[in-house]
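Listed below, chain by chain, are the residues.
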Amino acid sequence: MGEEVKMTLCGLCVWHCPMEVRLNDGRVVGVESKGFKGCPRSLTSPELLYHPKRLNYPLKRMGKRGENRWQRVTWEQALDEIAVKLGEIRDKHGAEAVCLSVGGDNHCSGEYLTRFEYLFGTPNLMSHGRVCLMPTMLTSLIISGWVIPWPIMRRETRCFLIVGANPSMAAWRLWHRLRKAKEEGLKLIVIDPRLTDTAGIADVWLQPRPGTDAALLLGMANVIVRERLYDRDFVHKWCYGWDKFVKRVNQYPPEKFEEITWVPAEKIREAARLYATTKPGICFEAMGIEHARNSVPAMQMTLILPAITGNLDVPGGNLLLEPHPRVRLAGDIEGSEFLSSKQKKKAIGGEKYRMFSWDMWDKVGAQYEKLTGRPFSYYYLGGVGHPPSMWRAIMTGKPYPIKGLLTICQNPLLNFPNAKLVYQALKKVEFSVNMDIFMTPACQLADYVLPAAGQLEKSSMGHGGNMWPLLEVGAKVVEPLYERKDEYYFYRELGLRLGQKEYWPWQTLEEAFDYRLEPLGVTFEEFVKGTGGYGFDNPGLRHRKYDEPGFRFGTPTGKFELYSTLLEEIGYDPLPGYVEAPHTPVSDPEKAKEYPLYLISGPRARYHYHSQFHQIESFRKRYPEPIVQINPEKARELGIGHGDWVWIETPLARVKFKCAYFEGIDPRVVSAEHGWWYPDDPGEEPSLYGLWRSNINAVVDDDLDDCCDPMSGAWMMRELLCKVYKAEG
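Residues numbered from 1 in each chain as written. Predicted model: local features only at pLDDT ≥ 70, side-chain atom pairs only at ≥ 80, totals over all residues. Heavy atoms only, no water.

Participant: Explain the environment of A475 residue by residue, including any values.
Facilitator: Within the secondary structure, A475 sits in the loop between β17 (471-474) and α22 (487-497). Residues A475 and K529, 54 residues apart in the sequence, show an inter-C-alpha distance of 9.3 Å. In contact with A475, other than residues within four places in its own chain, are M7, T8, S459, F524, V528 and G533. (Helix = DSSP H or I, 4+ residues; strand = E, 2+ residues; numbered from the N terminus. Contact = heavy atoms within 4.5 Å.)

Participant: For the side chain of T114, give the residues involved together with the corresponding values.
Facilitator: The topology assignment puts T114 in helix α4 (residues 110-120). With relative accessibility at 0%, the residue T114 sits in the buried group. Apart from the residues within four sequence positions on either side, T114 is in contact with L125, E334 and Y379. (Buried < 20%, exposed > 50% of the residue type's maximum accessible area, 1.4 Å probe, protein only.)

Participant: Explain the pairing of strand β13 (residues 404-408) residue by residue, including any values.
Facilitator: A regular strand places its side chains on the two faces of the sheet in alternate fashion. Most of β13 is tucked away: five of the five residues are buried. Neither face of β13 is open: one carries G404, L406 and I408, the other L405 and T407, and all of them are buried. Sheet topology note: the strand β6 (residues 98-102)/β13 ladder contains five bridges and is parallel. Residue pairing in the sheet places S101 in a bridge with T407 of β13. Sheet topology note: the β13/strand β14 (residues 431-436) ladder contains five bridges and is parallel. Directly across from T407, in β14, lies its bridge partner N434. (Pairing = 2+ DSSP bridges.)

Participant: Give a description of the packing of helix α9 (residues 213-226) against helix α12 (residues 254-261) that names residues and reports values.
Facilitator: Between α9 and α12, the shortest axis-to-axis distance is 10 Å and the interhelical angle comes to 165 degrees. Here α9 lies roughly antiparallel to α12, going by the angle between them. In the crossing of α9 with α12, the sense of the turn from one axis to the other is left-handed. Residues A215, L216, G219, N222 and V223 of α9 form the contact with α12, whose participating residues are P254, F257 and T261. Within the contact of α9 with α12, the residues separate by chemical class into five nonpolar, three polar and no charged. (Axes fitted to C-alpha atoms, helices over the stretch in contact; angles between N-to-C directions. Parallel < 35°, antiparallel > 145°, perpendicular 65-115°, else oblique. Left-handed = near helix turned anticlockwise from the far one by under 90°. Nonpolar A, V, L, I, M, F, W, Y, C, P; charged D, E, K, R; others polar.)

Participant: So, the sheet that holds strand β23 (residues 654-661): which residues are in play, and what are the values?
Facilitator: If you trace the six strands once around the closed barrel, you get β20-β24-β21-β23-β22-β25, paired in mixed fashion. Sheet twist, expressed as the mean angle between neighbouring strand axes with direction ignored, is 45 degrees.

Okay, here's the thing in C-alpha cells:
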C-alpha cells in the first residue's frame, strides 16, 4: 500500500477547513490543515483516531446509572432494544415525550437527525445552537428575511466592528485575515470586556460592563443619527420604522450610558464615527452577546448598524447571503413537512419564549423560501426545544413528561447551565441513549452508549450550502475502526425499526450525498475524485440585490425592519432597547454585597473546543489547568496570588480554578473558561470524570424568568454575580 496522501474536510471546529492527510500502509501518520496552517486541533487527528480510550463497541448498562458497569452488545441488539423502548414511550405518552440533544462539529448529519425526529413525531430537539450564532441568524431573518451575520471579509473591507467575539482564540482563519488586513490599513473596532489578542490590535477598544452591549450599540446609533452619518438614500427607500427608531435611540445619548456601560462617552462617539465613515465595513458578533439577558436587542443592533450606514450587501460589507443554487439542501432532506402543526405547538419552551417557537420558524421559513426559491432549514437554526425548560419537564412532568432522551455527540453536563439540574434530569429520565467518540460524564448516566465514527472515519458535507453558497464535502479517509458507526447509520437503522422504511432509500451516507449532489450532475465519488477526497463548489455572491428589479426584503413590509412587525405580532418590543438584568449590582445591590464580582463564563482555551480534546495528552501538557482571569489589583486585595487555586462561588455551587493575573480585565469582573473535566479521573460516581471540580456551568444559573432572555430563552453566561476566594490546601 505504501505512502498515500488524501484530502478531506476537517470536523474539529465550526470552520470545517480542507485538510491533507498522510497515510503509510493505510495508517494515518500526519495531517495538515489547508485552512489554517499549523492548526493544533487538526494536528491531533491521528491521536484522536487511534486513542486507546475511544469508544469502539456498543455498550448496555448493567448496574445503576453512574456505576460504570457495562456489557458489550452487538449493534443489532442495541438498535432492536432501543427501538422497542422508544416505540413503547411513543405509544404510551406520545412522540413528544422523546427529546433529542445534539452538539459537536464532529457530528455532521444534522439534517438526517431531524429527518428521524420529524418522522418519529417529536418537536423537541436541544442543541447548543440556542446560544451559538443561531439566535442572531433568526433575528436577521425576522428583521430582514435574509441571513446577514456571517462575516465574508473581502479586500474592499476598510472597517471591521467586532462585538463579543475573539477570533484570535475561536476563529483562526478570520484572525489571520484580520491581521493581514490591518497591515494593509483596515480599521478595527472591538467591543469586549477583556483585552483579548483581538482587542489588542484594535484601533478602538470599548470595554463594556458585561451584559450592556445593547445599550452601548444604541449609544453608537445615537451618534450616527444625531450627526447624520447614516445613508439617507438606503434608509428612506429600504428601512421600515425609521422615525420610531430615531425616537428610541434619542433616549440613548452616550453620556447617559457611560455610567451604565462603563465606557466613556467620547469613546462611544469615536467608535461610532469611525465605523460610520470608514466604508465599506463589517459588523460581526458572536456568542458574547448571545449569552446575555438583553441578547436580542443587542443582536438587532449589530444588524441595524450596517443597514443604516450603507454597509449592507456591498462588496466588503455585511452581505445578504443566499443558499447554494443547485445542490439539494438540508431543507430538502430534514423533512419538517412530516411534523404536524399539532405536534409543533407542543415544543417545550415555545409558548414562553415565542421568538423561538415553531410558529415563528414557519413564518420566517415561508418568507425565506419565497425570497430565495430554496427550501428552509430548521436544523441549522439551532433546533427548537429550550434546554432549561426541557430539564424541568423531565423533573416535574410539566407541561408534559419527557421520558426518552437521545444524546448525539453532546456533553450536556458540561455544555448547558445549571449542571446539577441537568445531572438530576439525566438520572431521572426513564430511558437514555448516548452516541459519542469517548465515554463522557453524560454517557455514564445513559442506558446505552454507542461508538461514533470520528472525522476521518466518515464522509461529510459542509454546512455552507444551506444558508450561503459555499458547498464543501469531504470523503472519509479510512473505514471506521472496530465497530464505530457514523450517525447516519444510527438514524437510518432506528428509523427502519420504527416504521420509516420508505423514507430512508439511501443505505449509506455516501448514497445520501449522491442524492444531494444529483442536481450538479455528479455522484459523491465523482465530486471528490479530482482532489483526492475534497470537493468544493462556490457559485459566488451577488451584491446590491436591492438595486435589482422586483427586489424586496423577506419581511411583512418588504423592507429592512428597524421596527420589527413580527416581534410586535408576538407581543415583544419591536424596537431594540435596554433593560437592566435582574440580580446585577444595579438591580440587586443586596445580592451584590455577598457576590460582588461579575462572572464571565464561556471563554475557551486555544487547545480545546468547548468540552472536547481533554483526552489529548499533547494538549494537556500545554494547557493542564482551568484558568480564571483576575485583575491583579483585585486579586491582591483578595489575598490571591498569580497561580493560586481559588474557589468561584455563586448561590448554586462553587468550582475550583487557577488564578491568572490579567491586566486586561476590569477589577469588578472575572473570566473563567468553560468545558473543563478530567477524563483520567474515575468514571463512576461521585467523580464522573471530575465533573464537579472545575465545571463552570455548575455555578451558572438558568432560572427561566431571571436568567434567560425573555424573547429567545438564551441563558446568561456573561453577567452573573459571584465571589472569589483563595482555596486553602
